[in-house]
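Results of the structural survey
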Amino acid sequence: MIKLLAYTHVWIALGAAAAAAGAIMSVQPLATWNSWTWQGVGWLFFGTGLIYTLQRLIKFKRQPHSIPEERRVFLAEWKSVLIVGWLGSAAAGGLAIGLDWSQFTHLILTHPWPLFLVAVLALGYASNPFTGGRGWRDRPHLKWPVIAVTWGITTGWLPFEFTSFQPPFSPWLHAAVQTVFVAGITLPFDNRDIRLDEPRLRTVPQWGGLNFSTWTAAGLIALSMAGFLTIDPGWGRFGAASAALAGIGLSARWRSEWIYSVWLDGCLVLQGVLAFFTF
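Described below are features of the structure shown in this document.

Analysis parameters
- Residues numbered from 1 in each chain as written.
- Predicted model: local features only at pLDDT ≥ 70, side-chain atom pairs only at ≥ 80, totals over all residues.
- Heavy atoms only, no water.
- Salt bridge = Lys/Arg side-chain N within 4 Å of Asp/Glu carboxyl O.
- Helix = DSSP H or I, 4+ residues; strand = E, 2+ residues; numbered from the N terminus.
- Buried < 20%, exposed > 50% of the residue type's maximum accessible area, 1.4 Å probe, protein only.
- Core = buried A, V, L, I, M, F, W, Y, C linked by side-chain atoms within 4.5 Å.
- Contact = heavy atoms within 4.5 Å.
- Expected span 1.5 Å × (residues − 1).
- Axes fitted to C-alpha atoms, helices over the stretch in contact; angles between N-to-C directions.
- Parallel < 35°, antiparallel > 145°, perpendicular 65-115°, else oblique.
- Left-handed = near helix turned anticlockwise from the far one by under 90°.
- Nonpolar A, V, L, I, M, F, W, Y, C, P; charged D, E, K, R; others polar.
- Phe/Tyr/Trp six-rings, centres within 6.5 Å; stacked < 30°, edge-to-face > 60°.

1. Comments concerning the pattern of salt bridges
- The final tally for this structure, using the stated rule, is eight salt bridges.
- The salt bridge involving aspartate 193 is made with lysine 143; its shortest N-O contact spans 3.9 Å. Taken as a pair, aspartate 193 in the loop between α8 (171-192) and α9 (204-208) and lysine 143 in helix α7 (residues 143-157) lie far apart in primary sequence, 50 residues in all.
- Classification of aspartate 193 as buried rests on a relative accessible area of 4%.
- Given a relative accessible area of 7%, lysine 143 falls into the buried group.
- A salt bridge links aspartate 193 to arginine 192; the shortest N-O distance between them is 2.8 Å. This pair shows no difference in class: aspartate 193 is buried, exactly as arginine 192 is.
- Within the structure, one salt-bridge network assembled from shared partners comprises Arg71, Lys143, Asp190, Arg192, Asp193, Asp197 and Glu257.

As C-alpha cells, this is what we get:
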C-alpha cells in the first residue's frame, strides 16, 4: 500500500487537493461548488503529482544516496512509468475538467507575486538557477521552511481564489496557520532522514537533536490547532491536526515508513475528509 499510494505520489497529490478542499469548505459547502472551484482543486491534484515526480527524479539522478533505499529501488524500476503516467494524467485531467484558461489567466494577472513565489519555491526545490543549479533543499536551513511556505500558500491562500466566498478571516491568516501545520508534519521526515541528509544542510534534528526536533514539531502542531479553532467554523482541520500530533508521537518511537508517508502525509488528506463532515 505504501508503494501504491506514497511512492507513486498519488497520496501527496490527493493531500494537496484535499487540503485545498478543506479550506474552501470552511466558507462554501461542497454541494454548492461551481466548475471553477472544481477546476482549481483538480489543477492542484495533477500539478502536485507531476511536480513531485519531477523533483524526485532530479533528486534520484543527482543525489540517490539521500533517498531511502526502498524508495530509491522503486524509482529505479518505475521512473519512466511515473513521469509518463503523471504527464498523461495531467493532460487528460486538464481536458476532463475543462480548464477555463481565461480564469487562470485572470488569476495570474491579478496575483502575480504570490504565484511567482510558489512557482520559484516548488519548481526550484530540487534544482534551480538561483543557487547555481542546487535546489532549495540543498541549501543550509532551507529544506524544511521551503516546504512549509510552499504548502501553506498553495493550500491555505490559493484555494480561496477558486471561490467567490471569502473567509471571515484573511486568506493570508489561513495560509499562515497552514504553514505552521505543514511545518509540524514535515519535521519528522527530517528526523527520519538524519542519516541521509548531508551535515552541511543543518536540518533541525542535525543541529538540535531528535528530541528537540520532535518537540518542536509537536509545538507547531499544537499552535496550528489553536489557529484552526480560531479561523474555522468547524473542527475538521483541527481534527486533522490532532491526528498529526498522534502521528508525531508514533514517529518518535517507530521509524516506520507507513507512519511518515501514509499517516503524516495523510493528515493533509484528512483535512478535506473531516471538513466535509464537520463544516
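2. Points about the nonpolar core
- Core analysis: the biggest nonpolar cluster contains 33 residues, and Trp151, Phe181, Ile221 and Leu268 have the highest contact counts within it.
- Ranked by residues supplied to this core, first place goes to α8 with seven residues.
- Contacts of tryptophan 151, omitting those with residues within four sequence positions, involve Ile12, Gly15, Ala16, Thr48, Tyr52, Gly156, Gln178, Val182 and Leu268.
- Counting residues in hydrophobic clusters, the runner-up holds 19 residues, among them Ala20, Ala21, Ile153 and Ala175.

3. Focus on α7
- Between its first and last C-alpha atoms α7 spans 21 Å; for 15 residues at 1.5 Å apiece the expected length is 21 Å, and the two agree.
- Most of α7 sits out of view: twelve of its 15 residues are buried.
- Among the residues of α7, those classed as buried are Lys143, Val146, Ile147, Ala148, Thr150, Trp151, Gly152, Ile153, Thr154, Thr155, Gly156 and Trp157.
- Where α7 is buried, its residues meet α2 (10-24), α3 (35-62), α6 (112-123), α8 and α12 (257-278).

4. What to know about the packing of α2 against α3
- Orientation of α2 relative to α3, taken along the N-to-C sense of each, is 150°, at an axis distance of 8 Å. Compared by their axis directions, α2 and α3 come out roughly antiparallel. For the pair α2 and α3, the crossing hand works out as right-handed. In this structure, α2 contributes Val10, Ile12, Ala13, Leu14, Ala16, Ala17, Ala20 and Ile24 to the contact, and α3 contributes Thr37, Val41, Leu44, Phe45, Thr48, Gly49 and Tyr52.
- Here the contact of α2 with α3 is composed, by residue class, of twelve nonpolar, three polar and no charged.

5. Some details on the packing of aromatic side chains
- Tallied over the entire structure, the rule returns 17 aromatic pairs.
- Ring centres of tryptophan 43 and phenylalanine 104 lie 5.4 Å apart, and the angle between their planes is 70°; on these two criteria the pair is classed as edge-to-face. You can see tryptophan 43 sitting in helix α3 and its partner phenylalanine 104 sitting in helix α5 (residues 101-110), a full 61 residues away along the chain.
- Tryptophan 43 gets classed as partly exposed once you look at its relative accessible area, which sits at 35%.
- By relative accessible area, phenylalanine 104 is classed as buried at 6%.

6. Points about the packing of α7 against α8
- For the pair α7 and α8, the least separation of the axes is 7 Å and the interaxial angle reads 140°. Regarding the angle of α7 to α8, the classification is oblique. Crossing handedness for the pair α7 and α8: right-handed. Residues Lys143, Trp144, Ile147, Ala148, Val149, Trp151, Gly152, Ile153, Thr155, Gly156 and Trp157 of α7 form the contact with α8, whose own contacting residues are Pro171, Trp172, His174, Ala175, Gln178, Thr179, Val182, Ala183, Thr186, Leu187 and Asp190.
- Among the residues making up the contact of α7 with α8, the classes are represented as 13 nonpolar, seven polar and two charged.

7. Quick look at the environment of alanine 252
- Looking at the secondary structure, you find alanine 252 in helix α11 (residues 236-253).
- Take alanine 252: its relative accessible area is 46%, and that puts it in the partly exposed class.
- Considering only alpha carbons, one finds alanine 252 and tryptophan 215, 37 residues apart in sequence, at a separation of 9.6 Å.

8. Re the side chain of glutamine 271
- Here glutamine 271 is to be found in helix α12.
- What glutamine 271 contacts, discounting residues up to four positions off in sequence, is Ala18, Ala19, Gly22, Gln178, Phe181, Phe228, Arg237 and Ala240.

9. Thoughts on the environment of glutamine 39
- With respect to the helices, strands and loops of the structure, glutamine 39 is situated in helix α3.
- C-alpha separation for the pair glutamine 39 and glycine 219, spaced 180 residues apart in sequence, amounts to 35 Å.

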